[in-house]
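Per-entry structural report
If you want the building blocks of each chain, they are given just below.
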Amino acid sequence: MARHTPLAILTDLDGTLIPFSPHPDQTRVPAELSALLQSLALRSGIQVAVVSGRPREALDRFFPASPAVWLVAEHGGWRRADGAWTEALPGESRDLDGLQADLERLVARVPGSLVERKTWALALHFRMVAPADRGAFLVEASEILEAWLRTHEGFERLEGAAVLEVRAARIRKSLAVPWLREKAGAGARLIVLGDDVTDEDMFGAVGTHDEAIRVGPAVGRATRARWTLGGPEEAIAFLRWIDAARHEGPTPAPVHVPRPIARDGRREAGPAAPHRLLAISNRLPDLRAPTEPGETRKKNVGGLVSALEPVLTARNGLWLGWSGRTDAGGPAAGPGFDDSAAPALAWIDLSRDLHRRYYNGFSNGALWPLFHTFPARVAFHDEDWEAYVRVNDLFAEAARSLVPEDTPIWIHDYHLLLLGAALRRRGHRGPVGLFLHIPFPGPDLFRMIPWSDRILEDLLACDLLGFHTPNDVANVLQCAGSLSPAKVGDDAILHRGHRTRVRAFPIGIIPEGFQEAPDPDVADEAAALIRSIGTSELILGIDRLDYTKGIPERLEAFARLLVLFPEWRGKVAFVQISVPSRADVPEYKQQRNRIEAAVGRINGEFGEAHWTPVRYLYRSYNRNQLAQFYRAARVGMVTPLRDGMNLVAKEYVAAQTAANPGVLLLSRFAGAAVELRDALLTNPWHIDGMARDLDRALRMPLPERLERHAKLAAIVRRTTALTWAEDFVGALEACR
Ligand code: GDG
């Protein structure tokens, strides 16, 4: 290959050809390296391009007098061929000014943080932020980024070492691969060198006649490269050898040849210990390990992450999910991998179309409404189902390349119902369990799915099926008993000689997280809202904006309260926080309109000059702010029409002050009602009844509130997110 013509070399710089400096500004490109690249380009007729995340100015400074060496700056966004810089994707949005202004306001308050503006990207650096302040800083930064990203399609969030970055998602190093191939001419072969995760994009884009080489010591992570070299020194020796091979008579003996990477999933044999648990969910945790040694991430993460992190970390576990990207053209040769995170993370990309059909289509357009008993909202499309099957297969392939065949695997939720069987077909022998976070329907609903037989059959390839409530367990047993030839016991299903255990594992929360004092950095906004309500009794609703959560019905019940019990007018305030969710699914857009219309109608009808009955907030708050709202609310109105569990109910209980607790008004159709029997239970389908229950909650005397709260709090403390995860993994490990 070294003698092939045309030949092109595409190489990363930092970490690949030169060692990292403690500070990026201290980096120098040695004269011999410049001379070598020039020689490859001019003497050996190789098309050489250096690709980097650095800005154009830095690369111009590094290679001042080398027009023959082409340059690619800002992760593929800018290219310099023959001396002139051009954009890889002219017209790509640079509309980052609003985000920059928001982040600069944050940075002004947090010493050591810094916003760096690039052409299509903004980087938020926090290496110099005091470790004690980082958690709070990241929570706030994340909220700003996530809120902005929700309204700016086409941008994505990346996380590096002590830096968060938002950049135009289509800009990536892989853009340089077809560009260089075309420039190099027909029949060109490429050698691509790189060392880190951003280089994996390039490795994934190489053709069958090209070669990708990962430079650096083995790290035990998956890579799309086929070859490896030990570090920059070896990489340079290898390039010298290519240079020589194109000139001297017999090919000289190489000093360092690239070594093949074991083909087992293209995962390098490294020093890392084996993973003893693999968790798989549709999405990965929101925050990818912005960790420094000794730093914890506990503050930044949601419920499932807090629950899984300890069990995974204790087992050196790995978490596989969709990368969140739909623009990389779909799945590449192997999963991406980041073992600097704890737990280690692995991910696959999906094409936009595949993701839309699998996620918006079959998962959220068919399974979600059906499993929540909304058959009228269900739409079945063959293409959506095919995409769902395909994505489950892709996850199985990725999983098989990541862990040995006997590793316990924990699958999460309705997006991946076929994954257990897909893993078995690929030879996975270790225990496989699936936990369903949403309800499981009875046979009458389940068999409405045109592919119900296949789903049931594939579910039964798992060794363990976990649900929130005994009712879900009963439903799955009934489905298996009536819709398949399986033999069904009280807690297991026997099918084709294989036993699937079925059990309820009610999920909990981390109660301490909702008992913290107001965080001075974020308290103002929550406090201002609470103050604005004055002496009114606060009735609170907090949910993802989802039709299962019963938000319009709750608003109607509140309006009905004002009619049936007019004495409450001017004395109560209803605050509904709706967290944006699945906003690109039409059903969710309609739901939002419906809620906003109801809020307007109720405020118009009942509002007075000095009293606004309903405050509606379509946004998210961080956990510390949520805790303040929960604590201030006289009634926590958690009234989903149907819900697997509902963590808001448990969070409300955890946040109450024991001496003067509020009342949890809880839907009978939330899984949480099974454990939280001492809440005031209500039927969200019956508006008049719910209004009367709300009145009762508002009037409940202190002794009754104390008694109910004490019982509820004991349950919330006993079954937590951590006990839930340990229970499930314990049962899973016991399966085989
Ligand atoms: C599924 C199932 C099951 C709320 N507002 C904000 C915010 N939240 C957090 C809450 C709570 C979580 O979101 C919502 O959890 P739920 O359990 O209520 O509901 P789903 O999202 O539908 O979850 C459900 C759950 O999986 C677990 O198995 O209980 O039945 O449907 O933790 O605090 N979080 C942030 N900002 C907000 O404004 N950051």
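Residues numbered from 1 in each chain as written. Predicted model: local features only at pLDDT ≥ 70, side-chain atom pairs only at ≥ 80, totals over all residues. Heavy atoms only, no water.

Near the ligand lie 19 residues; those nearest to it are H437, Y621, D643, L647 and E651. In this structure, an oxygen atom belonging to the ligand sits 2.6 Å away from a side-chain N or O atom of H437. Between an oxygen atom of the ligand and a side-chain N or O atom of R544, the distance comes to 2.7 Å. When isolated, the ligand has an accessible area of 730 Å², and the protein chains bury 79% of it. When residues of the shell around the ligand are assigned to their parent elements, the largest contribution, three residues, is made by helix 19 (residues 647–655). Here the shell around the ligand is composed, by residue class, of ten nonpolar, five polar and four charged. (Near = heavy atom within 4 Å. Polar contact = N/O pair within 3.5 Å; in protein donor to acceptor, adjacent residues only side chain to side chain. Areas by Shrake-Rupley, 256 points an atom, 1.4 Å probe, with all protein chains shown as cover. Helix = DSSP H or I, 4+ residues; strand = E, 2+ residues; numbered from the N terminus. Nonpolar A, V, L, I, M, F, W, Y, C, P; charged D, E, K, R; others polar.)

All right, on to the pattern of salt bridges then. In this structure the tally under the stated criterion is 50 salt bridges. D60 is paired through a salt bridge with R80; the nearest N and O atoms lie 2.8 Å apart. Of the two residues, D60 sits in helix 2 (residues 56–62) while R80 sits in strand 4 (residues 78–81), which places them 20 residues apart along the sequence. Residue classification places R80 among the buried residues on the basis of a relative accessible area of 6%. Put simply, E556 and R601 hold a salt bridge, and the shortest N to O gap is 2.8 Å. Highlighted residues: E556 in helix 16 (residues 551–564) and R601 in helix 17 (residues 586–606), separated in sequence by 45 residues. (Salt bridge = Lys/Arg side-chain N within 4 Å of Asp/Glu carboxyl O. Buried < 20%, exposed > 50% of the residue type's maximum accessible area, 1.4 Å probe, protein only.)

Pairing within the open sheet is parallel, and its six strands lie in the order 26-25-24-27-28-29. Looking at the sheet topology across the chains shown, the edges are occupied by strand 26 (614–618) and strand 29 (680–682). Recorded for the sheet is a direction-independent mean angle of 20 degrees between the axes of neighbouring strands. Bridge count for strand 24 (residues 537–544) against strand 25 (residues 572–579) is eight bridges, and the pairing is parallel. Paired with L538 across the two strands is A573, which belongs to strand 25. (Pairing = 2+ DSSP bridges. Axes fitted to C-alpha atoms, helices over the stretch in contact; angles between N-to-C directions.)

A few words now on the confidence of the model for the protein chain. Looking at the protein chain as a whole, the pLDDT averages 89, with 94% of positions reaching at least 70. Confidence drops under pLDDT 50 across residues 287–301; counting only partners more than four residues distant or on other chains, this segment forms 39 contacts. (pLDDT = per-residue confidence, 0-100. Contact = heavy atoms within 4.5 Å.)

A few words on the pairing of strand 2 (residues 47–51). Within strand 2, five of the five residues are buried, which leaves the element mostly enclosed by the surrounding structure. The two faces of strand 2 match: Q47, A49 and V51 on one face and V48 and V50 on the other face are all buried. Here strand 1 (residues 7–12) runs beside strand 2; their pairing, made up of five bridges, is parallel. The residue of strand 2 that forms the bridge with L10 is A49. Two strands pair when backbone bridges link them, and strand 2 and strand 3 (residues 70–73) are joined in this way by three bridges, in the parallel orientation.

Under the definition given, this model contains 30 aromatic pairs. Through pairs of rings, three or more aromatic residues link up here, namely Y358, Y359, F362, F380, W385, Y388 and W451. One residue, R592, lies across the ring of Y618, its end atom 3.8 Å from the ring centre. R619 extends its terminal NZ or CZ atom over the ring of Y621, reaching a point 3.8 Å from the ring centre. (Phe/Tyr/Trp six-rings, centres within 6.5 Å; stacked < 30°, edge-to-face > 60°. Lys NZ or Arg CZ within 6 Å of the ring centre and 35° of its normal.)

Right, let's get into helix 14 (residues 470–483). The end-to-end C-alpha distance of helix 14, which contains 14 residues, comes to 20 Å, matching closely the 20 Å that a straight helix rising 1.5 Å per residue would cover. Within helix 14, the full set of buried residues consists of D472, V473, N475, V476, L477, C479 and A480. Where helix 14 is buried, its residues touch helix 12 (443–446), helix 13 (452–459), strand 20 (464–467), strand 21 (487–488), strand 22 (492–495) and strand 23 (498–504). (Expected span 1.5 Å × (residues − 1).)

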